[in-house]
Amino acid sequence: MVVKPKRLQAIDVARGLSVIIMIMVHTLWMYGDVATQGETLFGTIIHILGKGTAAFLVAMGISYVLSRDQSIIGTLKRGFYTLGLGYMMNALKFVVPISVFNTMPENFIEAYAWSSPLSLSQLHYLFLTGDILQLAGLSLIFIAFIGHFIKNKWGVFALGLIMIFSSKLVSGLRLDIPGVDYFLDLLWGNQYNVYFPLFPWMACILFGLFIGMAYKEREYDQVFLYRSLRLSGIAMMLIGAGLCFYDFNYHFADFFHLGPGGAIYLMGFTAFAYWGIDWIIRHTKPNRFYALLQYCSQRVTSMYIIQWVLICWGMGVFGYQTFSTLGVIALIPLFIVLTFLVQYVKDKMPHFRSMLTKRAT
């Protein structure tokens with residue numbers, strides 16, 4: 001008898017909660033003034049919440065193991081599709097408001113040490129910005145081949161460790177060859193043309209793969225899963241925090257270009273948080289808030305793109321980094337509501353098209 005995996009509600013809730021948090025974080029980044037971001041308790045709390053990127057990536061690894069199609073072709077298709085979405089998002093975020101609508105605030109352009117009008121090479125730079133979707137897409141492409149050659153969960157775990165502890169050794173390595181250097185930046189860049197290089201961030205996905213494989217081997221025993229997440233999470237947080245305390249600049253750096261200690265700590269915190277959320281769910285009744293977060297989790301990629309595009313387009317109305325704490329607090333629910341509205345319309349589009357087709361016939 002084949003045991004079918006039950007949906008992991010705690011993972012869904014955690015990922016859905018991350019969708020809400022990312023809207024808060026991105027609203028602060030793009031609209032909060034310097035004082036609000038760096039000198040207020042509100043800004044500090046939002047920035048700390050923004051360190052939850054690992055939750056997306058670990059969940060991505062777990063979900064991959066539980067997915068139906070793990071073939072090389074199927075995984076490659078998903079990888080290239082995700083990459084395409086990432087570059088489409090960059091075009092919508094940057095190129096459209098700058099080149100089509102001419103609504104991007106000048107001080108946003110000046111933040112890059114540029115001035116309007118932008119050259120083709122500057123627009124090209126914005127279009128090629130490496131975000132989390134580039135990381136996810138490229139990781140899936142690598143996983144398509146990794147899964148073919150590495151069948152053992154400990155092999156996946158070892159590969160993750162190699163990526164973590166070699167990340168600083170290869171960080172920023174280039175060959176001074178146009179095109180090739182951009183690909184190397186996606187792998188291990190240390191500049192802000194790529195925010196999430198594969199080294200070490202892909203290790204979070206591999207950690208998720210490891211968790212998923214162990215869960216599958218135990219015939220989808222959720223008690224075992226969450227107990228393991230609690231214990232491993234505590235151990236990894238202690239190890240990661242110790243390394244960061246020893247040399248913070250090396251092991252945590254600027255968050256986007258993490259060192260080994262920072263990566264281990266964030267993965268450990270994510271694992272422990274999954275256990276904590278599962279504990280809360282088991283001790284509370286089902287409610288609409290959980291259902292809402294699961295809705296977000298199932299649409300995480302779509303909502304990620306929607307909220308970024310809305311926030312970037314909104315700068316044409318509200319400006320760039322001009323609001324105090326109260327202004328940012330007012331804008332956060334606005335962008336949350338707008339994101340859900342656009343997502344709702346997107347969800348209903350097949351229904352609308354079906355209705356139009358029926359009427360036309």
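So, here's what we can say about the structure. As the structure is a prediction and not an experimental result, all values here were calculated from the model.

## As for unusual backbone geometry
Logical step 1: Note that the residue after Ser 116, namely Pro 117, is joined by a cis bond; omega there is -5 degrees.
Logical step 2: Positionally, Pro 117 belongs in the loop between helix 6 (106-110) and helix 7 (120-127).
Logical step 3: Cis geometry is adopted by the peptide bond preceding Pro 200, which originates at Phe 199 and carries an omega value of 10 degrees.
Logical step 4: Structurally, the position occupied by Pro 200 is in helix 11 (residues 198-217).
Logical step 5: The backbone phi angle of Ala 113 is positive, close to 65 degrees, even though this residue is not glycine.
Logical step 6: The topology assignment puts Ala 113 in the loop between helix 6 and helix 7.
Logical step 7: Exposure remark for Ala 113: the relative accessible area of 69% places this residue in the exposed category.

## Examining the nonpolar core
Logical step 1: Trp 201 and Tyr 274 are the most contacted members of the largest nonpolar core, which totals 113 residues.
Logical step 2: Ignoring sequence-local partners within four residues, the contact set of Trp 201 consists of Thr 53, Ala 54, Leu 57, Leu 135, Tyr 195, Phe 196, Phe 255, Phe 256, Leu 258 and Leu 266.

## A closer look at the side chain of Asn 90
Logical step 1: Within the secondary structure, Asn 90 is located in helix 5 (residues 72-100).
Logical step 2: There is a polar contact of 2.8 Å between the side chain of Asn 90 and the backbone oxygen of Phe 127.
Logical step 3: Apart from the residues lying within four places of it in its own chain, the contact partners of Asn 90 are Val 95, Leu 126, Phe 127, Leu 128, Thr 129 and Gln 134.

## Let's talk about the environment of Ser 171
Logical step 1: Its location among the elements puts Ser 171 in the loop between helix 9 (153-170) and helix 10 (180-188).
Logical step 2: In this structure Ser 171 comes out as partly exposed when scored by relative accessible area, which is 24%.
Logical step 3: Taking the C-alpha atoms as reference points, Ser 171 and Gly 259, separated by 88 residues in sequence, lie 9.4 Å from one another.
Logical step 4: Ignoring any residue separated from it by four or fewer positions in sequence, one finds Ser 171 in contact with Trp 188 and Asn 190.

Conventions adopted
Residues numbered from 1 in each chain as written. Predicted model: local features only at pLDDT ≥ 70, side-chain atom pairs only at ≥ 80, totals over all residues. Heavy atoms only, no water. Helix = DSSP H or I, 4+ residues; strand = E, 2+ residues; numbered from the N terminus. Buried < 20%, exposed > 50% of the residue type's maximum accessible area, 1.4 Å probe, protein only. Core = buried A, V, L, I, M, F, W, Y, C linked by side-chain atoms within 4.5 Å. Contact = heavy atoms within 4.5 Å. Polar contact = N/O pair within 3.5 Å; in protein donor to acceptor, adjacent residues only side chain to side chain.

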